[in-house]
Amino acid sequence: MGVSVAPEPGSVMEVKSCPGFEGFEKRLEVEFHPAPIFTDPEGKGLRGLARVELDSMLDAAKCTIVAYVSNEEFDSYVLSESSLLVYPLKMVLKTCGTTQILKAIPHLLEFAGALSLRLRRCKYTRGTFMFPAAQPFPHGSFHEEVGYLERYFGHLGSGGKAYVMGNMAKFPNWHIYTAADENDFMSERTYTLEMCMTKLDQVKATQFFNADGTKSGADMTEAAGINSLLPNSKICDFSFEPCGYSMNSMEGAAHSTIHVTPEDGFSFASFETMGYGSGDLDLQSLVEKVTSVFRPACFSMCLFAAGSAENGSHSSSSWERSIRPSGYVCDGTSRQELPCGSVAVFHTFKDCGYGTVAAVQPLALFQNPEHHVIISENNYVPNKSVHGKYSRQPLSTVTSSVWNVDGLLGGEMAKLFAYYDAAVIGSTSKDTDAFVRKTAADACMESAFYVMDLASVLTQWKLWVACLPRVKPFYAVKCNADGALLATLHKLGAGFDVASTAELNAVMDLGAVPDDIIFANPCKLPTHIVKAGKNGVLCTTFDSESELYKLKEYMPNAEVILRIKADDPNARCPLGSKYGAELEECEELLAVAKELALKVVGVAFHVGSGASDARAFAHGIACAKHIFELAASMGPNDMKLVDIGGGFVSSASSGVDFALAAAAINKAIDRYFPASMGVTVIAEPGRFFAEDAFTLATNVFGTRMRKKAGIKQAEYWVNDGIYGSMNCLLYDHAVLSVRALRQADAEWGEENVYPSTIFGPTCDGLDTLMRDIYLPQLQCGDWLVFPRMGAYTKSAGSTFNGFDIRDLPTLYVYSCSENDYSCFDHDFSVVEGNDSSEEYSIFSFGNISSSSSSDDEQ
Ligand SMILES: *Cc1c(COP(=O)(O)O)cnc(C)c1O
């Protein structure tokens, strides 16, 4: 994989000042296959790395070594921020605060490669950050981290898998990313225990203050009783000034670490151990000893067991039985099977008064695996917004209960979802249907309504970041200006493409800053240009001389982007007949801009909405390169940006793999604009983020049965149509699909379906939505549900005949797969393109003539 990939989505977000120190660590464990014996006869593996190499790797992660100790099995380093453990074939790096641990990966992989070590597996874990907003790239969110990890480990046989464990309504959750060689089962069962303790007892915490610098690490180890936790281990400890403590201990091949942030308000201690088994230690007494050192008010533990033993039963091991640490109650427990026979169990505990016996028995590794389903099917939260449709509280006053989750979603995101009353539902279409049924019944709905799934936006975002890491998306607002959609994308870090003052206002109201906005309408109204200029939104596109004169007059400091024509002739909605300069016009346009002293900063194109061929993007990128060269030949210039426009389609709606298309696009970007050129690449996706997220529910309010040529046929009237949401039939060349929801029962047999026609509500024969589709016989009051109605539907409807599209309510849901409480167990892999031109046609529905890849490859 390309390792030194440049601009980082999310890095645009400024690091905010942090109210306290982030104790929750990030932990990365990477394992390798042995090097061939002749390259490494002593089997030193990673232990053969030079200190300067380790230093440069840690430098990238933003931490340094402060103490060192080793034994025959491994090397152990205490860091300014936590620990580094180097085994011959395994490296464990754990860092806290605002370190960028994942940035160590490219260095590690490079050094390991030089030692002929081949990648075997990777595991990344962390709890929920206390101060998520303070985390820099790529730690701004779990999906950002997963996207980054996928670049390096997604190609391993198992594919990357990401999980969030624990109750999403509570703090903290546990985040796991793993990738491994397929079927690489470890022969021996090994355990890793990670404990995160918060709200430490104040007296206990005082032991880790060192204001005058007189206490050594050993003093703290002794005073806190840490030396009796693992009495036979060799300890390397370190005390920080004015407070804080770290230690690594080693015992044979087993290691443990402790890190303490004692300041009140965000006090935190972590304990980790790996390599011990039940023969050496009893899990329950170990956990009790650790908690007695710190007396935290709350703690979480994740027990990770790798490798499955032959007999399949581990219940005899003390590490796989349930534990009840005295003084604590377990208030949450979940279990996750991981690839290659591994399993993780995550518990959260809270203080129940010292000395009391735990009331709830936590889940052991192998007990009640079915117990881990927390969000069950059809478990929706009653949706208030149905009743008080337009009476939301201001966002700032919302305190969230359901969405009180930090970490992956981040506190802000949680607040947002609470604000939109997002109901949690299962992830199948049946779940959506059940939600529609229940909502319609509860609220006596008569009007058509939208169900918008916020999880779909997150999924698409995650996919984008993983697949197009160099391309920052600027969402095209015209596609669907739904407030929750815009706000979610804004929180995730997207920019916006606006084409009018109203759209500009909408995104500025969200807090989008000028740098995150591009006025991507090549032909703007003068008043709109003035308005954009006044708000500092300087970046805008043009494709004609007249636009340049307008810009000169109304926004002379504009940063203009030349929109060129690069159409996919097979796109659903080609745009080239209206927009984009022909290549032969470009020289003249650049010359005029120069004459007017307008700053031309880049090139944009749009292959057409619903593009059908990734080669069109490759072709556009090649054309952009041509314009860069043209500008260079005309003297000094400011060219620094390529905007590859919109046109992207989701895999679900197109049936083609977005990752493959993205690979072809990446390949073209890297070829024509290698990262070393320092050119920024952006895109203006609309449909990609909006289409799948919206389902439209329409109510049947008229029926007619007719016999045509002896065959019984049905006709239905529904309360939204071609002048409303279904304008997409006319303007977006959409093909609708539909599901019938009868009030009485959900299923029907083949015997009673009839060819049916669906009409919209207006008195126009044109208002016909579908013909000759087979539906069960419906009655007035039944519902017809149209999935994937998010793109160019609501945004382009009218009020014709008194049916006002703006009246349609939107209800928000958050879908999670039914047997996955994590909500985020979503695997995807980044696919690298290869050199076969076949690879370019994965978007193809037909042949592309004008811009075949062989032209590009010259
Ligand atoms: C409409 C539009 C987009 C969005 O197109 P999609 O096909 O929805 O991705 C992007 N850029 C411009 C300039 C547009 O006009």
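How each quantity is defined
Residues numbered from 1 in each chain as written. Predicted model: local features only at pLDDT ≥ 70, side-chain atom pairs only at ≥ 80, totals over all residues. Heavy atoms only, no water. Axes fitted to C-alpha atoms, helices over the stretch in contact; angles between N-to-C directions. Helix = DSSP H or I, 4+ residues; strand = E, 2+ residues; numbered from the N terminus. Parallel < 35°, antiparallel > 145°, perpendicular 65-115°, else oblique. Contact = heavy atoms within 4.5 Å. Nonpolar A, V, L, I, M, F, W, Y, C, P; charged D, E, K, R; others polar. UniProt positions renumbered as here; feature names shortened; annotations may be inferred. Pairing = 2+ DSSP bridges. Buried < 20%, exposed > 50% of the residue type's maximum accessible area, 1.4 Å probe, protein only. Right-handed = clockwise from strand over helix to strand, strands pointing away. Patch = residues over 30% accessible without salt bridge, like charges linked within 9 Å, V, L, I, M, F, W, Y side chains within 5 Å. Areas by Shrake-Rupley, 256 points an atom, 1.4 Å probe, with all protein chains shown as cover. Salt bridge = Lys/Arg side-chain N within 4 Å of Asp/Glu carboxyl O. Lys, Arg positive; Asp, Glu negative; His and termini not counted. Charge placed at Lys NZ, Arg CZ, Asp CG, Glu CD.

It is at 9 Å that the axes of helix H12 (residues 501–510) and helix H13 (residues 526–534) come closest, and there the two elements cross at 20°. As judged from the angle between their axes, H12 and H13 are roughly parallel. Seen from H12, the contacting residues are Thr501, Leu504, Asn505 and Met508; seen from H13, they are His528, Lys531 and Ala532. Residue composition of the contact of H12 with H13, by class: three nonpolar, three polar and one charged.

Now for the UniProt feature "modified residue: N6-(pyridoxal phosphate)lysine" (unreviewed entry) in the chain. Here, UniProt's "modified residue: N6-(pyridoxal phosphate)lysine" (unreviewed entry) annotation points to Lys478. Tracing the chain through its elements places Lys478 in the loop between strand S19 (471–476) and helix H11 (483–492). Not counting residues up to four positions away in its chain, the partners in contact with Lys478 are Glu503, Tyr792 and Ser795.

An order of S2-S3-S4-S5-S1-S6-S8-S7 is seen for the eight strands of this open sheet, with the pairing classed as antiparallel. What marks the edges here is a single partner per strand, and that holds for strand S2 (65–70) and strand S7 (161–165). Looking at each pair of strands side by side, their axes are set apart by 15° on average, direction ignored. Inspection of the sheet shows strand S1 (residues 26–33) paired to strand S5 (residues 90–95) by six bridges, in the antiparallel sense. Paired with Arg27 across the bridge in S5 is Lys94.

Residues in a regular strand project their side chains so that they alternate between the two faces of the sheet. Burial within strand S23 (residues 559–563) is extensive, with four of its five residues counted as buried. In this structure, strand S22 (residues 539–542) lies alongside S23, joined through four bridges in parallel fashion. Residue Phe542 lies in a different strand from S23, and its bridge partner there is Leu562. Note that the unit made of S22, helix H14 (residues 545–554) and S23 has a crossover that is right-handed. Of the pairings in the sheet, the one linking S23 to strand S24 (residues 599–604) comprises five bridges and is parallel in character. Residue Ile561 lies in a different strand from S24, and its bridge partner there is Gly602.

Another aspect to go through is the sheet that holds strand S12 (residues 254–261). Reading across the sheet, the eight strands line up as S10-S11-S12-S13-S9-S14-S16-S15 and stay open at both edges, with antiparallel pairing between neighbours. Two strands close off the open sheet at either side, each with one partner strand: strand S10 (234–239) and strand S15 (328–337). Ignoring which end each strand starts from, the neighbouring axes of this sheet average 10° apart. In terms of strand pairing, strand S11 (residues 245–251) meets S12 through seven bridges, oriented antiparallel. Its bridge partner lying in S12, Asn248 is registered against Thr257. In the packing of helix H6 (residues 283–294) onto the sheet, contacts are made with strand S9 (190–198), S12, strand S13 (268–274), strand S14 (298–306) and S15, and the angle to S9 comes to roughly 25°.

Once that is clear, we can look at a negative patch on the surface. Taken together, the side chains of Glu545, Glu587, Glu588 and Glu595 present a region of like negative charge at the surface. Broken down by element, the negative patch gets its largest block of residues, three residues, from helix H15 (residues 586–595). By the secondary structure assignment, Glu588 is in helix H15.

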